[in-house]
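What follows is each chain in one-letter form.
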Amino acid sequence: MTREERLAILGPKIVAHIHACVDAAPDPTPELVARLRRIMTNPAGEIPAPRPAATAEPAAEAA
């Protein structure tokens, strides 16, 4: 959604209110930034180690 589309949907008063609330919010602490950085760079958590490929049993030869 573009800025213009948001402005058309919400209206200039609501957008100004949102901007004022964001400006009034305190800056995040360094600890919060570090935690969020870990979440954003690896959202699924630990990446599991690849498992070895399953070896197929050789088909029994028909007699």
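Nothing here was measured: the structure is a model prediction, and the numbers come from that model. (Residues numbered from 1 in each chain as written. Predicted model: local features only at pLDDT ≥ 70, side-chain atom pairs only at ≥ 80, totals over all residues. Heavy atoms only, no water.)

**Considering the overall build of the chain**
Reasoning step 1: In terms of helices and strands, the chain carries three helices and zero strands.
Reasoning step 2: The secondary structure elements of the chain, listed N-terminal to C-terminal, are α-α-α.
Reasoning step 3: A buried classification covers 2% of the 63 residues belonging to the chain.
Reasoning step 4: Total accessible area computed for the chain in this model is approximately 6500 Å², and 63% of it derives from carbon and sulfur atoms. (Helix = DSSP H or I, 4+ residues; strand = E, 2+ residues; numbered from the N terminus. Buried < 20%, exposed > 50% of the residue type's maximum accessible area, 1.4 Å probe, protein only. Areas by Shrake-Rupley, 256 points an atom, 1.4 Å probe, with all protein chains shown as cover.)

**A word on the confidence of the model for the chain**
Caution applies to low-pLDDT parts of the model: their predicted coordinates are not meant to be read in detail.
Reasoning step 1: Mean pLDDT over the chain works out to 84, with 79% of the residues at or above the 70 mark.
Reasoning step 2: By mean pLDDT, helix α3 (residues 30–41) is the weakest element of the chain at 89, and helix α2 (residues 12–24) is the strongest at 96. (pLDDT = per-residue confidence, 0-100.)

**Brief notes about the layout of surface pockets**
Reasoning step 1: Space inside the largest pocket adds up to approximately 150 Å³.
Reasoning step 2: Elements that contribute at least two residues to the lining of the largest pocket include exactly α1 (3–10) and α2.
Reasoning step 3: The residue inventory of the lining of the largest pocket, partitioned by class, reads four nonpolar, one polar and two charged. (1 Å grid on protein atoms, 1.4 Å probe; cavity = no way out; pocket = protein on both sides within 12 Å on 5 of 7 lines; lining within 4 Å. Points joined across faces, edges and corners; volume = space filled by probe spheres on them. Nonpolar A, V, L, I, M, F, W, Y, C, P; charged D, E, K, R; others polar.)

**Let's talk about a nonpolar patch on the surface**
Reasoning step 1: On the surface, Met-1, Ile-9, Leu-10, Ile-14, Ile-18 and Val-22 cluster together to form a nonpolar patch covering roughly 600 Å² of accessible area.
Reasoning step 2: Breaking the nonpolar patch down by element, the ones donating at least two residues are α1 and α2.
Reasoning step 3: Structurally, Ile-18 can be placed in helix α2.
Reasoning step 4: Taking the relative accessible area as the measure of exposure, Ile-18 reaches 39% and is therefore partly exposed. (Patch = residues over 30% accessible without salt bridge, like charges linked within 9 Å, V, L, I, M, F, W, Y side chains within 5 Å. Salt bridge = Lys/Arg side-chain N within 4 Å of Asp/Glu carboxyl O.)

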